[in-house]
Amino acid sequence: LHQSLGGTPTSKGIDAVITEFQLNGRPGSHKVLITITDGEPNVGGGASGAIASATKLKGMGVTHIVIAVKGTDTSGSLNMKFIDEIASAPSSKYVLVAEHWKDLPKQLETIIDGVCKGQFKCNSKKQCESCQPGESGCYSDFAECDSKCS
């Protein structure tokens, strides 16, 4: 996507990912979108457009992780109702808040650790999901699970 200075076209970005997954996504693979936002989409349909796009994305079985970045305007506030709505549920698991843009590397590391490390199992849709502590039939990491689920 071409970044338009001063605008936040969240729905366009999500729609582009939907198209990419539809055209080039590997069938049966676990798909994840990480959206980094200030929570204020103001072009391309605004919040309602972004919510509609995120609803379609999640309906495809895509995990939507949202990093909400404070400090993007003078108030430093975030529209958490909107952010929680576009993220996968529960938002306590799929929404991370960065106090400032410089905090993004740490947040991305947290996501990678959560998505790619740990124990995973194949679900009924032949996608990998996290295992609960002590659960049997789990693979030692995401890559092994992904190779067995497909």
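Every value quoted in this text rests on a predicted model; they were computed, and no experiment measured them.

Student: Would you mind showing me how to read unusual backbone geometry here?
Tutor: Leave glycine aside and you will find that most residues have negative phi; peptide bonds, for their part, are mostly trans. Residues Ala 89 and Pro 90 are joined by a peptide bond in cis, for which omega reads 0°. As for its position among the elements, Pro 90 is in the loop between α3 (80-86) and α4 (91-94).

Student: Even after reading the chapter, I still don't get the environment of Ala 98, so can you show me in this structure?
Tutor: Take Ala 98: it is sitting in strand β3 (residues 95-98). Classification of Ala 98 as buried rests on a relative accessible area of 0%. For the pair Ala 98 and Val 69, spaced 29 residues apart in the sequence, the C-alpha separation amounts to 4.8 Å.

Student: Just to check I follow, could you spell out the pairing of strand β2 (residues 63-69) for this structure?
Tutor: Remark: a regular strand shows side chains that alternate across the two faces of the sheet. Most of β2 is tucked away, with seven of its seven residues classed as buried. Across the two faces of β2 the burial is the same, with Thr 63, Ile 65, Ile 67 and Val 69 and His 64, Val 66 and Ala 68 all buried. The pairing of strand β1 (residues 32-37) with β2 spans six bridges and is parallel. If you follow Ile 36 over to β2, its bridge partner there is Ile 67. For the handedness criterion, the β-α-β arrangement of β1, helix α2 (residues 46-59) and β2 is classed as right-handed. Bridging between β2 and β3 involves four bridges; their strand directions are parallel. Bridging from a neighbouring strand, Val 69 pairs with Ala 98 of β3.

Criteria and cut-off values
Residues numbered from 1 in each chain as written. Predicted model: local features only at pLDDT ≥ 70, side-chain atom pairs only at ≥ 80, totals over all residues. Heavy atoms only, no water. Helix = DSSP H or I, 4+ residues; strand = E, 2+ residues; numbered from the N terminus. Buried < 20%, exposed > 50% of the residue type's maximum accessible area, 1.4 Å probe, protein only. Pairing = 2+ DSSP bridges. Right-handed = clockwise from strand over helix to strand, strands pointing away.

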